[in-house]
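Each chain is listed here by its residues.
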Amino acid sequence: EGYERSRKLPARLVAELAQARALAVDAWRKAKEAADFKTFAPHLERLIALNIEQAELLGYEEDRYDALLDGFEPDMPARAVDEVFAELKEGLVPLVAAVAEKPQVDDSPLRGRFDKQQQWDFGMDVLHAIGFDLARGRQDESAHPFTTSFSNDDVRITTNIVEDDWTSGLFSTLHEAGHGIHAQGIPSELIGTPLMWRRSLAISESPSRLWENVVGRSRAFWEHFLPKMKQYFPQLADVDLDTFYRAINIVKPSLIRTDADELTYNLHIFVRFDLERALIAEKLKVSELPDAWNDKMKAYLGIVPDNDAKGVLQDIHWASGYFGYFPTYALGNLLSVQFYEQAVKEHPDIPEQIRQGQFDTLRVWTNGRIHRYGALFPLMEIVRRVTGRGLDGRPYMEYLRTKYTEIYGL
Ligand code: ZN
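As a starting point, this report considers the structure included with it. These figures come from a predicted structure and were not determined experimentally. (Residues numbered from 1 in each chain as written. Predicted model: local features only at pLDDT ≥ 70, side-chain atom pairs only at ≥ 80, totals over all residues. Heavy atoms only, no water.)

### Things to note about unusual backbone geometry
Residue Asp75 is not a glycine yet carries a positive backbone phi of 60 degrees. Here Asp75 shows up in the loop between helix H4 (64-69) and helix H5 (78-101). In this structure Asp75 comes out as partly exposed when scored by relative accessible area, which is 46%. Residues other than glycine seldom take positive phi values, yet Glu282 does so here, at roughly 60 degrees. You can see Glu282 is positioned in the loop between helix H11 (265-280) and helix H12 (289-301). Classification of Glu282 as exposed rests on a relative accessible area of 55%. (Helix = DSSP H or I, 4+ residues; strand = E, 2+ residues; numbered from the N terminus. Buried < 20%, exposed > 50% of the residue type's maximum accessible area, 1.4 Å probe, protein only.)

As structure tokens, this is what we get:
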């Protein structure tokens, strides 16, 4: 698959892309620091031109963007992404607007100083409880959390512990643990073959969103873990479950994608998806991009950055020459819920087990039903095998609507 793609590209283009990327990333860092889009613009123009050339050589049926998306999400046409995104957009934009009208939830459980060692110890307890196998993996600290796996027996995750924001460490741990559980669940017979790791970025992102959000921000999860957390942090002694649950699910439209809450996160993806499709289709010029960015932010999130560092320059993806990467994040979110719904259909006791701090059924189900495929199949085929139907945005939208209607009393 990867070989098929690269065989179609002349060595000259591959080299030009690599060089343009290196220069662009460098220019992007400086431009972001100075909030100066103009110095980055020529690099972005060059990368778009090379990506268009690449797409034309790779070939596509209906949409040039498909050839690029295919590098991150094989066999997933942009048309199919459009369909699910359109449905989500229609549900999400008014939902976020309705939440914004409501009084904000009490976020005091998120504030204050939390001892770093205590945070680390609590995070390790959680990691152990959900079943990340610490005999076949480890956790370390890093500024930007990530997962690397050398085999299913050597899986390393990192977390970023921040003294005055305990959510950073814990939810990073849960997110990366999802990637780690995925990696530990790849069958040994695939290890060392090209079928070992991801083929679909959305499939890779779905277990991390499952553990971070669907499980880790659920009331059931905290019914079990809040009393444990209070043992580490006496300052939470008087916080009741409801207040805590609302606080960790606070909705605050933000300018920065990586700071976004569960509800508004996908709107950040829609901004980028719309714009990169227009750029690749040559319907939008790079010079028009900052204004187009701000217009999309206004339309989807109702807020506009006061400079480009907090806007169009915030992510490294385009500077890295990645067009077609962003939609995989939102697809991963959507899949986390579609898969969870299927797991609960097959094992209706899963929510009760989570309440009891038991995660084996869910974890074993994800390993047996999803992770076992490694990179054998593209997304659509795995979704069909797991759920018996195609990609479906409705369970995800329903999940968000139910959750936030309850939290914000809509
Ligand atoms: Zn991830």
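### Some points on the nonpolar core
Within the largest apolar cluster, 131 residues are counted, with the highest numbers of intra-cluster contacts made by Phe40, Trp166, Phe221, Trp222 and Leu391. Apart from the residues lying within four places of it in its own chain, the contact partners of Phe40 are Ala24, Ala27, Trp28, Ala31, Leu313 and Ala319. (Core = buried A, V, L, I, M, F, W, Y, C linked by side-chain atoms within 4.5 Å. Contact = heavy atoms within 4.5 Å.)

### Focus on the packing of aromatic side chains
What the rule picks out here adds up to 31 aromatic pairs. Relative to Phe273, the ring of Tyr65 has its centre 5.6 Å away and its plane inclined at 75 degrees; by these criteria the two rings are edge-to-face. Of this pair, Tyr65 sits in helix H4 while Phe273 sits in helix H11, placing them 208 residues apart in sequence. Pairing Phe221 with Phe225 gives two aromatic rings, centres 4.5 Å apart and planes at 40 degrees, and the pair type is tilted. Of the two residues, Phe221 and Phe225 both sit in helix H9 (residues 219-232), four residues apart, roughly one turn of that helix. Like Phe225, Phe221 is buried. The structure contains a cluster of three or more aromatic residues connected by ring pairs, namely Phe114, Phe122, Trp166, Phe171, Trp211, Phe221, Trp222, Phe225, Tyr232, Phe233, Phe244 and Phe359. Lys89 extends its terminal NZ or CZ atom over the ring of Phe270, reaching a point 5.7 Å from the ring centre. Lying over the aromatic face of Phe326, Arg272 brings its terminal NZ or CZ to 5.5 Å of the ring centre. (Phe/Tyr/Trp six-rings, centres within 6.5 Å; stacked < 30°, edge-to-face > 60°. Lys NZ or Arg CZ within 6 Å of the ring centre and 35° of its normal.)

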